[in-house]
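# Analysis of the macromolecular model
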Amino acid sequence: MANTSVVSLDLADNWLLGEGAAAIAEMLKENHSISAVDLSDNKMGIEGAKAISAMLLENTTVVVLRLSGNEFDDHAAKYLADAITANSKVEVLDLSYNKFGHKAGEALGAAIAENIGLKELKISWNHLHSEGAVALAKGVGANVFLKVLDVSYNGFGNSGAAALGEALRANNVLEELNVSNNRISVEGALRLAVGLRENKTLKILRMIRNPMQNEGCCGLLKALQANSGTGMEILDLPDIAWSKELAELCEAVQTLLPNLLLRRGGSTRLQRKSLLAVELRPQPKVLGNSHNAVP
């Protein structure tokens, strides 16, 4: 492709399938100007994964690559893992809305541990659970470049949350983590909180739609309370009825960390009168520090 004026290619939702993906991949092998590529929702499957992975072994200009909704499964993940291990140029990778299971988690986790280029990885809305979730989390713990990770709407559960807690203890680079809707209960929240007690770099943690109850929420807040070097700026908690203990702990943490924005997703009520001065916002509810509220 000789045209050097095109720097962004958006072919999302075009039913390219494997054959079309292969053609685009061949073009990108020769192209030296396109840096952002969106091939989302093209049902590329395993053949598409093979072609894109082969392209990534040669291409040195693509920095942003969006591959969500392409029916990639555990077999496709093997090819993508090879590319992630070898490619150091892609900084933003979106693999959400695919069909990755625990085998994919193991393959991609090992690749993430070796990767030296990725800064943002979105792998939400897949089927990562059990050993796969743990393996992916371990890969994150070993990575020293990744800043943003979205694993929401998977099945990490308590074992995956525990592995993420260990990753947060070891990782001093990650700044944003989304683990919303991952079947994390009280046990998992408390295990993840172990990592929060030591982590200094995480700024945003989203944990809405997890059955972690008041006890799990308290565990996270107590971890921040005990971490004098925490960098946390935004903490999204599940939309549940808050106990008196949790509401008081929330207020105490806000006093200790005045720049921390606590939000309760979808809530329409604040739990304490002392917080009523906060601007009311639906989706999600802001608890404290409304001046820096994020819509």
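Residues numbered from 1 in each chain as written. Predicted model: local features only at pLDDT ≥ 70, side-chain atom pairs only at ≥ 80, totals over all residues. Heavy atoms only, no water.

### What to know about the packing of helix α1 (residues 17–30) against helix α2 (residues 45–56)
Between α1 and α2, the shortest axis-to-axis distance is 8 Å and the interhelical angle comes to 5°. If you check the angle between α1 and α2, you find them roughly parallel. Contacts from G18, A21, A22, A25, L28 and K29 in α1 reach E47, G48, A51, I52, A54 and M55 in α2. Of the residues belonging to the contact of α1 with α2, the class tally is eight nonpolar, two polar and two charged. (Axes fitted to C-alpha atoms, helices over the stretch in contact; angles between N-to-C directions. Helix = DSSP H or I, 4+ residues; strand = E, 2+ residues; numbered from the N terminus. Parallel < 35°, antiparallel > 145°, perpendicular 65-115°, else oblique. Contact = heavy atoms within 4.5 Å. Nonpolar A, V, L, I, M, F, W, Y, C, P; charged D, E, K, R; others polar.)

### Concerning the pairing of strand β9 (residues 234–237)
Residues of β9 alternate between two faces, with I234 and D236 on one and L235 and L237 on the opposite face, all of them buried. Bridge analysis of strand β8 (residues 204–206) against β9 gives three bridges, and the strand direction is parallel. The residue bridging I204 from the neighbouring strand is I234, located in β9. In this fold, the crossover linking β8 to β9 by way of helix α8 (residues 213–226) has right-handed handedness. Once you follow β9 into helix α9 (residues 244–256) and on to strand β10 (residues 261–264), the crossover reads as right-handed. (Buried < 20%, exposed > 50% of the residue type's maximum accessible area, 1.4 Å probe, protein only. Pairing = 2+ DSSP bridges. Right-handed = clockwise from strand over helix to strand, strands pointing away.)

### What about the side chain of N70?
Locating N70 in the fold gives a position in the loop between β3 (64–66) and α3 (74–86). Within the structure, N70 has its side chain in polar contact with the backbone oxygen of L67 (distance 3.2 Å). Setting aside anything within four residues of it in sequence, one finds N70 in contact with L39, S40, D41, N42, K43, M44, G45, Y97 and N98. (Polar contact = N/O pair within 3.5 Å; in protein donor to acceptor, adjacent residues only side chain to side chain.)

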